[in-house]
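Each chain, letter by letter, is given below.
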Amino acid sequence: MSILDSIYNTVLEGKRHEIEGLVKRALEEGFSATDIIEKALRPAMDEVGLRFSQAEFFLPDLILAAEATKRAISYLKPLLGERDVVSQQETVVIGTVQGDLHDIGKNLVIATLEGTGYRVVDLGVDVAPERFVEAVREHNPAVVGFSALLSTTMVNIPRTIAALEEAGLREGRLVAVGGAPVTQRNADEWQAEIYAPDAGTAARIVTEKLAARRQCV
Ligand code: B1M
């Protein structure tokens, strides 16, 4: 069995105390942090989600698997991004929208943004529109990011964008959206400038869009 298979199985089994040792071994074997996330951790979480929706897994299984994944990601976090390639000063304010407690994906997006050199203000999970408004007023970010993992909470993305508009804080900054149920089509509908299906793409598109905007100014 390959080391990536072992990581995959360890997440499915929720063995959170064993995950760091395996991740360390995978790195020693030459796999990159991105390989480990995209080829082992993410497929494992997809499988956990599938088993959960088929009632083969229950909430405790979901929680243990999530805990194992979070440990693996915090171990890999310093290795993500391209700190030596780009150095940005812009601020990104990001959070998981109201009613939604999922943060593994958002934290990965934060890790790649920070790795790329951005200053990130993480508002956490279950973030009410007013809290976003407050944070944007306080930090004046170039980008505001919304993550949603539930089809019932993704509606809070356009609601929060509307709250920013009402507060006169939408103009002049880019809105980034993502999370499993969110699509490019949603982003277009909500007039969000940035949509990314994964963390690596998110950091790349943020950098591209900010560079394009700088050229226009
Ligand atoms: Co929940 N959950 N969950 N869950 N959970 C899902 C999302 C679900 C699809 C599982 C399923 O049924 N198949 C389902 C949602 C169905 C739907 O609405 N369509 C579901 C459900 C139903 C629920 C509960 C309602 C269960 C219950 O209580 N009965 C409940 C809701 C709680 C709440 O939020 N109010 C719940 C709870 C939980 C846990 C707390 C146990 C745990 C979360 C732990 C945590 O995050 N701290 C959990 C987990 C772990 C999952 C699954 C299994 C895995 C999510 C994950 O971490 N994926 C998930 C099934 C799945 O997604 N396959 C599921 C790995 C992560 C790396 O990927 O988050 O997609 P992802 O992030 C990616 C991209 O989406 C993108 O980049 C990330 C990194 O590459 N991205 C962005 C994310 N945000 C972005 C923002 C951007 C750009 C890109 O710009 C700003």
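Note that the structure is a prediction, hence the values are computed from the model and not measured.

Definitions and cut-offs
- Residues numbered from 1 in each chain as written.
- Predicted model: local features only at pLDDT ≥ 70, side-chain atom pairs only at ≥ 80, totals over all residues.
- Heavy atoms only, no water.
- Domains from an automatic or database assignment.
- Contact = heavy atoms within 4.5 Å.
- Buried area = accessible area lost by both parts, 1.4 Å probe.
- Helix = DSSP H or I, 4+ residues; strand = E, 2+ residues; numbered from the N terminus.
- Buried < 20%, exposed > 50% of the residue type's maximum accessible area, 1.4 Å probe, protein only.
- Polar contact = N/O pair within 3.5 Å; in protein donor to acceptor, adjacent residues only side chain to side chain.
- Donors = N, O, S within 2.8 Å, 3.2 Å for Na, K, Ca; no water.
- 1 Å grid on protein atoms, 1.4 Å probe; cavity = no way out; pocket = protein on both sides within 12 Å on 5 of 7 lines; lining within 4 Å.
- Points joined across faces, edges and corners; volume = space filled by probe spheres on them.
- Nonpolar A, V, L, I, M, F, W, Y, C, P; charged D, E, K, R; others polar.

1. A word on the domain arrangement of the protein chain
Taken domain by domain, the protein chain holds domain 1 (3-85) and domain 2 (89-216). Taking only C-alpha atoms into account, the centre of domain 1 sits 24 Å from that of domain 2. Taken residue by residue, the interface counts 13 residues in domain 1 and eleven residues in domain 2. Both faces combined, the contact of domain 1 with domain 2 buries some 940 Å², and carbon together with sulfur accounts for 65% of it.

2. A look at the side chain of Thr153
If you trace the backbone, Thr153 turns up in the loop between β3 (143-147) and α7 (156-166). Classification of Thr153 by relative accessible area gives buried; the value is 5%. Among the polar contacts listed, one links the side chain of Thr153 to the side chain of Asp100, at a separation of 2.7 Å. Setting aside residues up to four positions removed in sequence, Thr153 forms contacts with Val97, Gln98, Gly99, Asp100 and Ala148.

3. Brief notes about the coordination of the cobalt atom of the ligand
What the protein offers the cobalt atom of the ligand as a donor is a single atom, His102 (NE2), at 2.2 Å. Within the secondary structure, His102 is located in the loop between β1 (91-96) and α5 (104-116).

4. Description of the layout of surface pockets
Space inside the largest pocket adds up to approximately 1300 Å³. Around the largest pocket, the lining is made up of 50 residues, and of these His102, Ile104, Gly105, Leu149 and Ala180 lie nearest the centre. When residues of the lining of the largest pocket are traced back to their parent elements, those giving at least two are α3 (33-53), α4 (59-76), β1, α5, β3, β4 (174-178), β5 (194-195) and α9 (199-216). Residue contributions to the lining of the largest pocket peak at nine residues, all from α3. Residues that form the lining of the largest pocket fall into these classes: 32 nonpolar, nine polar and nine charged. Two domains share the lining of the largest pocket, each providing at least three of its residues, namely domain 1 (3-85) and domain 2 (89-216).

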